[in-house]
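# A closer look at the structure
Chain by chain, the residues run as shown.
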Amino acid sequence: MTTKVKVLVAESTPLLAPRLGPLFGRRLERVGEAVTPERLVAAIREHQPGVALLRVDGASPALERAVVATMAEAPLPLLLMAGPGAPRQAALALLSAGALDVLPLPTVLDEPTVASLERSVVLLSTVAVVEHPRGRRAQPKGPAPGARPEHPVVAIAASLGGPRAIGAVLSGLPRRFGAPICVCQHITAGFTEDLTRWLTAETGHVVSEARDGAVMTPGRVYVAPSDVHLTLTAEGTTRLESRDPVRGFRPSCDVLLEGAAEAFGRRAIGVVLTGMGHDGARGLGEIRRRGGHTIAQDEQSSVVWGMPGEAVAFGAAEVVLPLEQIAAQLIKWVPGR
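The shown structure was predicted, so the numbers you read here are calculated from the model rather than taken from an experiment. (Residues numbered from 1 in each chain as written. Predicted model: local features only at pLDDT ≥ 70, side-chain atom pairs only at ≥ 80, totals over all residues. Heavy atoms only, no water.)

## A closer look at the overall build of the protein
Regarding its fold elements, the protein presents eleven helices and 14 strands. On C-alpha atoms alone, the protein measures out to a radius of gyration of 20 Å, which is about the 20 Å that the 2.2 N^0.38 rule sets for 337 residues. Reported as C-alpha extents along the three principal axes, the dimensions of the protein are approximately 60 × 40 × 35 Å. For the protein, the residues scored as buried account for 57% of the 337 residues in total. For the protein, contacts bridging at least 24 residues in sequence account for 74% of all contacts bridging at least 6. Counting every atom, the protein has about 14,200 Å² of accessible surface; 51% of that belongs to carbon and sulfur. (Helix = DSSP H or I, 4+ residues; strand = E, 2+ residues; numbered from the N terminus. Rg over C-alpha atoms; globule rule 2.2 N^0.38 Å. Buried < 20%, exposed > 50% of the residue type's maximum accessible area, 1.4 Å probe, protein only. Contact = heavy atoms within 4.5 Å. Areas by Shrake-Rupley, 256 points an atom, 1.4 Å probe, with all protein chains shown as cover.)

Printed below as a string of structure tokens:
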């Protein structure tokens, strides 16, 4: 008989737990009653859940303090359930504090929705949470780019646990890093604009959603917007494409990495960070095949070693590194300006 995953539900007012009633029974077991953010750490210690679900309706210093305290004193996977009026920036603040992922609170719990949410919770229960290093710098000013750039490009792919991992990598890079950085992060639709603002504040780098035809500047970071593919041109510009999802993803990490390989050849550098699935393995392999450098995050520092593990198995990773060493390796490969 399969052991049920214990789930703790935390919220300021008892609205989430009753709505999620149909979720519990087959594979999930709810533990604890009327758990407020202030009681989160104590309830975790008492009930030993595998996952905690946190309702987010708006900015909540109490909830943010609870997440920080949990990751410091009783770490476990935290899944945010964002209500329909919740500001995205509030959820991103909690991701910064240590929560693993955010999902919209479903309005109707029909069978497909229950099954999908159940899978997400069961998956998170298997994740070993990791510490999130932080760093801040003054914001950089990039020089004017050339029409046919000689600089390299760094393309980063990430999924579950990615926002914090990307933040860690960017925090370790200098303001005048010698290459533009393009990012494909699997995240709930509509969150990428807020993700860019959070990464800018968190790392000191200028981070923005990529625009079609924008000339890339070394030191700046360009994030693939929701529901479009991001690829690159040999002239050093970003290109957005609305073609069909690739192996289930749009934006696709493979599309970004393959585009970097085609446009920049041996001047392309690919990085696959934490995430589930296999998106990015083929694209990283294409960069390596064309003579570029490639990195996969190691298993110990990954929230989920799905994407980087697939890249390693595919033979796409030139080096496999802990999260805290990736920025230093990029600095070795990319000269400063």
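## Focus on the pairing of strand S13 (residues 293–297)
Of all five residues making up S13, four are buried, and the element is well covered by its neighbours. Relative to S13, strand S12 (residues 268–272) runs parallel, the two sharing four bridges. Each bridged residue has a counterpart across the sheet, and for isoleucine 269 the counterpart in S13 is histidine 293. Between the parallel elements S12 and S13, the chain passes through helix H9 (residues 281–289) in a crossover that is right-handed. Crossover connection from S13 via helix H10 (residues 307–313) to parallel strand S14 (residues 319–321): handedness right-handed. (Pairing = 2+ DSSP bridges. Right-handed = clockwise from strand over helix to strand, strands pointing away.)

## Notes on the nonpolar core
Considering soluble globular proteins, one finds that nonpolar side chains tend to be buried as a cluster. Counting 60 residues, the largest nonpolar core has Val154, Leu273 and Leu330 as its most contacted members. Considering every element that reaches this core, the biggest residue donor is helix H4 (residues 88–97), with six residues. Not counting residues up to four positions away in its chain, the partners in contact with valine 154 are Phe177, Ala179, Pro180, Ile181, Cys182, Ile269, Val271, Leu330 and Val334. The next biggest cluster of nonpolar side chains, apart from the first, holds 26 residues, and it includes Ala155, Met216, Val272 and Met307. (Core = buried A, V, L, I, M, F, W, Y, C linked by side-chain atoms within 4.5 Å.)

## Here's the deal with the environment of glycine 162
Of note, glycine 162 is situated in helix H6 (residues 162–171). Between the C-alpha atoms of glycine 162 and valine 304, which are 142 residues apart in sequence, the distance is 9.7 Å. Discounting residues that sit within four places of it in the chain, glycine 162 has contacts with Gln185 and Thr274.

## Details of the sheet that holds strand S3 (residues 51–56)
In spatial order, the strands read S2-S1-S3-S4-S5; together these five strands make up an open sheet with parallel pairing. Lying at the two open borders of the sheet, with one neighbouring strand each, are strand S2 (28–35) and strand S5 (101–104). This sheet shows a mean twist of 25° between the axes of neighbouring strands, independent of strand direction. Pairing between S3 and strand S4 (residues 78–82): five bridges, direction parallel. Note on S4: the bridge partner recorded for leucine 53 is leucine 79. The sheet contacts of helix H2 (residues 40–47) involve strand S1 (5–10), S2 and S3, and relative to S1 the element is tilted by about 160°. (Axes fitted to C-alpha atoms, helices over the stretch in contact; angles between N-to-C directions.)

## Details of the confidence of the model for the protein
Mean pLDDT over the protein: 88, with 93% of residues reaching 70 or higher. pLDDT under 50 marks residues 131–147. Its contacts with residues more than four places away, or in other chains, come to 45 contacts. (pLDDT = per-residue confidence, 0-100.)

## Remarks on the pairing of S3
When you tally the buried positions in S3, you get six out of six residues, the bulk of the element. Every second residue of S3 is oriented toward a common face, with Val51, Leu53 and Arg55 on one face and Ala52, Leu54 and Val56 on the other, all of them buried. Alignment of S1 against S3, held across four bridges, turns out to be parallel. By the bridge assignment, valine 7 is partnered in S3 with valine 51. As a crossover connection, the stretch from S3 through helix H3 (residues 61–73) into S4 is right-handed.

## Details of the sheet that holds strand S8 (residues 207–209)
Taking strand neighbours across the sheet as the criterion, the seven strands line up as S8-S9-S7-S6-S12-S13-S14 in an open arrangement whose pairing is parallel. Bordering the open sheet on either side are S8 and S14, each of which pairs with just one other strand. Put simply, the sheet's adjacent strands are angled 20° from each other on average, direction ignored. Where strand S6 (residues 153–158) lies against S12, five bridges are found, and the strand directions are parallel. By the bridge assignment for S12, alanine 157 is matched with valine 272. Across the sheet, H6 touches S6, strand S7 (181–185), S8, strand S9 (221–223) and S13, and the angle it forms with S7 is around 165°.

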